[in-house]
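Residues per chain are reported as follows:
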Amino acid sequence: MLKQITWFQRRTDLSRKAFAEHWRTRHAAIVSTLPGIRRYVQNHVTGESEAVDGVAEVWFDDINAMRANVGRPELDRIRADEPNFLDTDSMGTLVVEPTVVIDGADEGAKLLVLVRRQASVAPDEFHRAWLEDVGGALASLAGNAGAPVRYEQDHARASAYRDGRQPRFDGTASLWFTDPAAAGSFFGSEAFAKVASIEQELMDGDAIRALWVSPVSII
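(A) Up close: the nonpolar core. Counting 26 residues, the largest nonpolar core has W130, L138, Y151, L175 and L202 as the members making the most contacts within it. When residues of this core are traced back to their parent elements, those giving at least two are β5 (109-115), α4 (123-139), β7 (171-177), α5 (180-187) and α6 (190-202). In terms of residue count, α4 provides more of this core than any other element does, 6 residues in total. Residues in contact with Y151, not counting those within four places in the same chain, are T99, V100, V101, I102, W130, V134, G135, L138, A173, S174 and L175. I37, Y40, V58 and L75 belong to the second largest nonpolar core, which has 19 residues in total.

(B) Looking closely at the sheet that holds strand β1 (residues 2-10). The antiparallel closed barrel is built from 8 strands, whose spatial order is β1-β3-β2-β8-β5-β7-β6-β4. The sheet shows a mean angle of 30° between the axes of neighbouring strands, direction not considered. Pairing between strand β4 (residues 86-102) and strand β6 (residues 150-156): 6 bridges, direction antiparallel. Note on β6: the bridge partner recorded for E97 is H155. Of the strands in this sheet, β1, β2 (39-45), β3 (54-60), β4 and β8 (209-217) touch helix α1 (residues 16-31), which is tilted by about 175° from β2.

(C) Structural detail: the packing of α1 against helix α3 (residues 73-81). With their axes 9 Å apart at the nearest point, α1 and α3 run at an angle of 160° to one another. Classified by the angle between their axes, α1 and α3 sit roughly antiparallel to one another. Where α1 approaches α3, its residues H22, R26, H27, I30 and V31 are matched on the opposing element by E74, R77, I78 and D81. For the contact of α1 with α3, the per-class residue count stands at 3 nonpolar, 2 polar and 4 charged.

(D) Just the layout of surface pockets, in detail. Of the volumes computed, that of the largest pocket is approximately 740 Å³. Around the largest pocket, the lining is made up of 33 residues, and of these Q4, T6, R79, T93 and V95 lie nearest the centre. Counting only elements with at least two residues in the lining of the largest pocket, the list comes to β1, α1, β3, α2 (63-67), α3 and β4. Split into classes, the residues belonging to the lining of the largest pocket amount to 20 nonpolar, 7 polar and 6 charged. The space that makes up the second largest pocket amounts to roughly 320 Å³. Taken together, 17 residues line the second largest pocket, and the ones lying closest to its centre are V113, F187, F192, E199 and M203. Only β5, α4, β7 and α6 provide two or more residues apiece to the lining of the second largest pocket. Ranked by residue count, the leading element in the lining of the second largest pocket is α6, at 4 residues. For the lining of the second largest pocket, the class distribution of residues is 14 nonpolar, 2 polar and 1 charged.

(E) Molecular detail of the pattern of salt bridges. This structure, assessed with the given rule, holds 17 salt bridges. Among the salt bridges present, the one from R150 reaches D103, with a minimum N-O distance of 2.8 Å. Here R150 is found in strand β6, whereas its partner D103 is found in the loop between β4 and β5, with 47 residues between them in sequence. Assessed through its relative accessible area of 65%, D103 is described here as exposed. The partner of E132 in a salt bridge is R128, and the shortest N-O contact between them spans 2.9 Å. Of the two residues, E132 and R128 are both situated in helix α4; the distance of 4 residues between them amounts to about one turn of the helix. Among the residues examined, R128 registers a relative accessible area of 32% and is labelled partly exposed.

What counts and what doesn't
- Residues numbered from 1 in each chain as written.
- Predicted model: local features only at pLDDT ≥ 70, side-chain atom pairs only at ≥ 80, totals over all residues.
- Heavy atoms only, no water.
- Core = buried A, V, L, I, M, F, W, Y, C linked by side-chain atoms within 4.5 Å.
- Buried < 20%, exposed > 50% of the residue type's maximum accessible area, 1.4 Å probe, protein only.
- Helix = DSSP H or I, 4+ residues; strand = E, 2+ residues; numbered from the N terminus.
- Contact = heavy atoms within 4.5 Å.
- Pairing = 2+ DSSP bridges.
- Axes fitted to C-alpha atoms, helices over the stretch in contact; angles between N-to-C directions.
- Parallel < 35°, antiparallel > 145°, perpendicular 65-115°, else oblique.
- Nonpolar A, V, L, I, M, F, W, Y, C, P; charged D, E, K, R; others polar.
- 1 Å grid on protein atoms, 1.4 Å probe; cavity = no way out; pocket = protein on both sides within 12 Å on 5 of 7 lines; lining within 4 Å.
- Points joined across faces, edges and corners; volume = space filled by probe spheres on them.
- Salt bridge = Lys/Arg side-chain N within 4 Å of Asp/Glu carboxyl O.

The values are spatial; any link to function lies outside them.
Below, the structure is given as structure tokens:
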């Protein structure tokens, strides 16, 4: 299973409410007609963010199912509707391979993180260390007070780096907590300090975007 992640800002002349309403209703109805789509989740940013108002997650069986939509009228209708509610210049997209690290319920407060590696860290090493070192360390804390009840990592495919290309983000992390206050206490705990130290060696803290979101499952 592959996932396409797309992030964007709303059109500057639209209120957050109008943006969310259009995305959740009219645009969702169009995206839902896309052949081969297996799952579709909209993540509406709930906190203040200058960079992102929404992140869409769309699942397909494989890359062939995803590519089969190129040139199809359903995809054309999606593209035609985007300027009606979002700033198309702000859009970015990434095809990722999802991995479940902590297999709990996707309930409660969701924190979605757009992850960028340190420029000095090679992509292969970053993805290995992110999964094994960061993922392993965080998984070992499952069950601790305030720890995430579910944790997923979405890793950019190797093709994102082909011919020296550097994607804006190297993947996303999704973490579910009982509530944001519990998450804040957990991130400030001594137990999390080891995870944080590993992340600091791997990730570009200035480029990362951590977003509290309200997920809407369309499909």
